[in-house]
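Residue strings, one per chain:
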Amino acid sequence: MTTKIYFQFEEEESDLPLGQTLSGRKRLFSKELRCMMYGFGDDQNPYTESVDLLEDLVIEFITEMTHKAMEIGRTGRVQVEDIVFLVRKDARKYARVKDLLTMNEELKKARKAFDEVKYVGT
């Protein structure tokens, strides 16, 4: 995996709107990444540069996986099975995907059961 890092010194980050980067792209995951970094032992308020770098890596990973999934599956569509296929050789990612899919199914069943009880009770 190749990581591209660009340095721009023309404008200060403090001059930018909240949540924007020097490249102009809005930060999508900074709040979640800060919490995750803290959970994994970083400072409660990690450096913005560290969070931005991690977000760039996350966006790059998601983009690459999406492009690969679009190539192997139905043209122009990304399906869950395509992602499972792509991570099948990485034991940790595969196990995590399976756990998340199982939990998603359990949550759907629980919501459905809750909705049924709610409608029967009224």
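These notes cover the structure that comes with them. (Residues numbered from 1 in each chain as written. Predicted model: local features only at pLDDT ≥ 70, side-chain atom pairs only at ≥ 80, totals over all residues. Heavy atoms only, no water.)

Here we look at the overall build of the chain
Then, in step 1: For the chain, the count of helices and strands is four helices and zero strands.
Then, in step 2: Going through the 122 residues of the chain one by one, you find that 14% of them count as buried.
Then, in step 3: A separation threshold of at least 6 residues defines the contact pool for the chain, and within that pool the share at least 24 residues apart is 33%.
Then, in step 4: As presented, the chain carries roughly 10,400 Å² of accessible surface, and 58% of it is formed by carbon and sulfur atoms. (Helix = DSSP H or I, 4+ residues; strand = E, 2+ residues; numbered from the N terminus. Buried < 20%, exposed > 50% of the residue type's maximum accessible area, 1.4 Å probe, protein only. Contact = heavy atoms within 4.5 Å. Areas by Shrake-Rupley, 256 points an atom, 1.4 Å probe, with all protein chains shown as cover.)

Brief notes about the layout of surface pockets
Then, in step 1: Computed from the structure, the second largest pocket encloses a volume of approximately 530 Å³.
Then, in step 2: In terms of lining residues, the second largest pocket is bounded by 12 residues, among which Leu33, Met36, Val58, Phe61 and Lys93 are the most central.
Then, in step 3: Put simply, the parts of the chain that give the lining of the second largest pocket at least two residues each are α1 (30–39), α2 (48–72) and α4 (91–121).
Then, in step 4: At four residues, α2 tops the list of elements feeding residues into the lining of the second largest pocket.
Then, in step 5: Looking at side-chain class alone, the lining of the second largest pocket contains eight nonpolar, no polar and four charged residues. (1 Å grid on protein atoms, 1.4 Å probe; cavity = no way out; pocket = protein on both sides within 12 Å on 5 of 7 lines; lining within 4 Å. Points joined across faces, edges and corners; volume = space filled by probe spheres on them. Nonpolar A, V, L, I, M, F, W, Y, C, P; charged D, E, K, R; others polar.)

Focus on the packing of α2 against helix α3 (residues 80–87)
The angle between the axes and the distance between the axes are what describe a pair of packed helices.
Then, in step 1: In the contact formed by α2 and α3, the axes pass within 9 Å of each other and the chain directions differ by 110 degrees. Overall, the two elements α2 and α3 adopt an arrangement that is roughly perpendicular. Contacts from Met65, Lys68, Ala69 and Ile72 in α2 reach Asp82, Ile83, Phe85, Leu86 and Val87 in α3.
Then, in step 2: For the contact of α2 with α3, a count of residues per class yields seven nonpolar, no polar and two charged. (Axes fitted to C-alpha atoms, helices over the stretch in contact; angles between N-to-C directions. Parallel < 35°, antiparallel > 145°, perpendicular 65-115°, else oblique.)

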